[in-house]
Amino acid sequence: MKLTKATNYALHTMMFLAVNPPNDHIGVAKLAERQAVSTTYLSKILTKLVKSGMVESVSGANGGYKLKPGWENISILDVIKAIEGLTPIFDYCHSHNPDCLIQKAIESAEEKLLDELNQTRIVDLANKMNKTSR
């Protein structure tokens, strides 16, 4: 699993939305400005987050983006999947013995990484951020 800049922007966007008052919408321009990225690029990322069901978009003068109800259950892994999909870290070589110890070690490490990312929720990070910014 290789994480691109798009995933980095998506994760930070989710954090910005998480620490924002729940009924306020944030415009793409403000989100893009906070991350020093183009609005066009961030709009494409936000489209993926909307399609994944994590974020809602509202048009109009008071429009923008906000997290959908139930967002407290969203993990870092959920965001990664929405932007990148999920491919194995290790490129499995089928010519190796299925009992290959190297492959088993990497698969085990990958499983632990994915578990950790799945257990780390955006809400937990947002709460930590709120505590440190007081």
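In this text the structure is predicted, and so the values were computed from the model without any measurement. (Residues numbered from 1 in each chain as written. Predicted model: local features only at pLDDT ≥ 70, side-chain atom pairs only at ≥ 80, totals over all residues. Heavy atoms only, no water.)

Peer 1: Would you mind going over helix α5 (residues 101-119) in detail, with residue names and values included?
Peer 2: The first and last C-alpha atoms of α5 sit 27 Å apart over 19 residues, in line with the 27 Å expected at 1.5 Å per residue. Along α5, the residues that are buried comprise Gln103, Glu110, Leu114 and Leu117. Buried residues in α5, looked at end-on, bunch into an arc of 60°, giving them a common side. Pointing more than 90 degrees away from the buried face of α5 are the exposed residues Leu101, Glu111 and Lys112. Looking at the buried positions of α5, the neighbouring elements they touch are α4 (76-84). (Helix = DSSP H or I, 4+ residues; strand = E, 2+ residues; numbered from the N terminus. Expected span 1.5 Å × (residues − 1). Buried < 20%, exposed > 50% of the residue type's maximum accessible area, 1.4 Å probe, protein only. Arc of directions from axis to C-beta. Contact = heavy atoms within 4.5 Å.)

Peer 1: Which residues make up unusual backbone geometry, and what are the values?
Peer 2: The backbone of Ala36 shows a phi angle near 55°, a positive value even though the residue is not glycine. Here Ala36 lies in the loop between α2 (28-35) and α3 (39-51). Accessibility expressed as a relative area gives 71% for Ala36, which makes it exposed.

Peer 1: Residue-level account of the environment of Gly60, with values.
Peer 2: With respect to the helices, strands and loops of the structure, Gly60 is situated in the loop between β1 (55-58) and β2 (64-67). Separated by 10 residues in sequence, Gly60 and Gly70 have C-alpha atoms that sit 24 Å apart.

Peer 1: With reference to specific residues and values, describe the nonpolar core.
Peer 2: With 33 residues, the main nonpolar core has Met14, Leu49, Val79 and Ile122 as its most contacted residues. Broken down by element, the residue count for this core peaks at 9 residues, all from helix α1 (residues 5-19). Ignoring sequence-local partners within four residues, the contact set of Val79 consists of Ala10, Leu11, Met14, Leu49, Met54, Ile74 and Ile122. (Core = buried A, V, L, I, M, F, W, Y, C linked by side-chain atoms within 4.5 Å.)

Peer 1: Would you mind going over the packing of α4 against α5 in detail, with residue names and values included?
Peer 2: Put simply, α4 and α5 touch, their axes get as near as 5 Å, and they point 105° apart. It follows that α4 is roughly perpendicular to α5 by the angle criterion. On α5, the residues touching Ile76, Leu77, Asp78 and Ile80 of α4 are Leu114, Leu117 and Asn118. The residue inventory of the contact of α4 with α5, partitioned by class, reads 5 nonpolar, 1 polar and 1 charged. (Axes fitted to C-alpha atoms, helices over the stretch in contact; angles between N-to-C directions. Parallel < 35°, antiparallel > 145°, perpendicular 65-115°, else oblique. Nonpolar A, V, L, I, M, F, W, Y, C, P; charged D, E, K, R; others polar.)

Peer 1: Describe the pairing of β2, and please don't skip the residues or the numbers.
Peer 2: Going residue by residue along β2, you find Gly64 and Lys66 tucked away on one face and Tyr65 and Leu67 tucked away on the opposite face as well. For β1 and β2, the ladder comprises 4 bridges, and the chain directions are antiparallel. Of the residues in β2, the one forming a bridge with Val55 is Leu67. The turn linking β1 back onto β2 is made up of 5 residues, and Gly60 within it adopts a positive phi angle of 110°. (Pairing = 2+ DSSP bridges.)

Peer 1: An account of the pattern of salt bridges is needed here, citing residue identities and associated values.
Peer 2: In the structure shown here, the tally under the stated rule is 3 salt bridges. When the shortest N-O distance is used, the salt bridge between Asp99 and Lys104 registers 3.7 Å. (Salt bridge = Lys/Arg side-chain N within 4 Å of Asp/Glu carboxyl O.)

Peer 1: Please set out the packing of aromatic side chains residue by residue, giving values where relevant.
Peer 2: Going through the model one piece at a time under the given rule, you end up with 1 aromatic pair. Between Tyr9 and Tyr41 the ring centres are 5.7 Å apart and the planes differ by 85°, which places this aromatic pair in the edge-to-face class. Here Tyr9 is found in helix α1, whereas its partner Tyr41 is found in helix α3, with 32 residues between them in sequence. For Tyr9, a relative accessible area of 16% gives the class buried. By relative accessible area, Tyr41 is classed as partly exposed at 32%. (Phe/Tyr/Trp six-rings, centres within 6.5 Å; stacked < 30°, edge-to-face > 60°.)

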